[in-house]
Amino acid sequence: VLDDVVRMKHMRLRWLLKFVNKNQTRVVYEVQLDPGGWLPAWVVNLVSKGIPHKTLLGLKEQTKRPYEKSMAYLDASFDWSTVGL
């Protein structure tokens, strides 16, 4: 257990990727979170404004990688045992 961290009390995240054409994909990214605790809402809102932009920039960079390397990164970064497949 780490001290001096804020645990997320509530977090819901949604990605929607829709094929537009061979060079374009429409991306909708929605996140709703409530860290709870002593953080005022204005601080959470201020900090969270940059998260979608940074996330989408990271996604853009990831799409430039060869598919096999991207999937290897995903496999190494995600615990698939938590998904009911």
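Residues numbered from 1 in each chain as written. Predicted model: local features only at pLDDT ≥ 70, side-chain atom pairs only at ≥ 80, totals over all residues. Heavy atoms only, no water.

1. Points about the overall build of the protein chain
Okay, so step 1: From N to C terminus, the protein chain includes three helices and two strands.
Okay, so step 2: Secondary structure of the protein chain in N-to-C order comes out as β-β-α-α-α.
Okay, so step 3: Compactness check: the protein chain gives a C-alpha radius of gyration of 16 Å against a globular reference of 12 Å for 85 residues, more than 25% above the reference.
Okay, so step 4: Seen along its three principal axes, the alpha-carbon backbone of the protein chain occupies a region of about 45 × 30 × 20 Å.
Okay, so step 5: When the 85 residues of the protein chain are sorted by exposure, 7% land in the buried category.
Okay, so step 6: Restricting the contact set of the protein chain to residue pairs at least 6 apart, pairs at least 24 apart contribute 33%.
Okay, so step 7: Positive and negative charge centroids in the protein chain, built from 13 and 8 side chains respectively, lie 11 Å apart. (Helix = DSSP H or I, 4+ residues; strand = E, 2+ residues; numbered from the N terminus. Rg over C-alpha atoms; globule rule 2.2 N^0.38 Å. Buried < 20%, exposed > 50% of the residue type's maximum accessible area, 1.4 Å probe, protein only. Contact = heavy atoms within 4.5 Å. Lys, Arg positive; Asp, Glu negative; His and termini not counted. Charge placed at Lys NZ, Arg CZ, Asp CG, Glu CD.)

2. With respect to the pattern of salt bridges
Okay, so step 1: Scanning all chains against the criterion turns up two salt bridges.
Okay, so step 2: Residue Arg 14 is joined to Glu 30 by a salt bridge in which the shortest nitrogen-to-oxygen separation is 3.8 Å. Of this pair, Arg 14 sits in strand β1 (residues 10-21) while Glu 30 sits in strand β2 (residues 24-34), and the two are 16 residues apart along the sequence.
Okay, so step 3: Glu 61 is the salt-bridge partner of Lys 64, the closest N and O atoms lying 3.1 Å from each other. (Salt bridge = Lys/Arg side-chain N within 4 Å of Asp/Glu carboxyl O.)

3. A closer look at a nonpolar patch on the surface
Okay, so step 1: Together, Met 8, Met 11, Leu 13, Trp 15, Leu 17, Val 27, Val 31 and Leu 56 make up an exposed nonpolar region whose accessible area comes to about 670 Å².
Okay, so step 2: Those elements that place two or more of their residues in the nonpolar patch are β1 and β2.
Okay, so step 3: Of all the elements, β1 adds the most residues to the nonpolar patch, at four residues.
Okay, so step 4: You can see Leu 13 is positioned in strand β1.
Okay, so step 5: Judged by relative accessible area, Leu 13 falls into the partly exposed class, the value being 41%. (Patch = residues over 30% accessible without salt bridge, like charges linked within 9 Å, V, L, I, M, F, W, Y side chains within 5 Å. Areas by Shrake-Rupley, 256 points an atom, 1.4 Å probe, with all protein chains shown as cover.)

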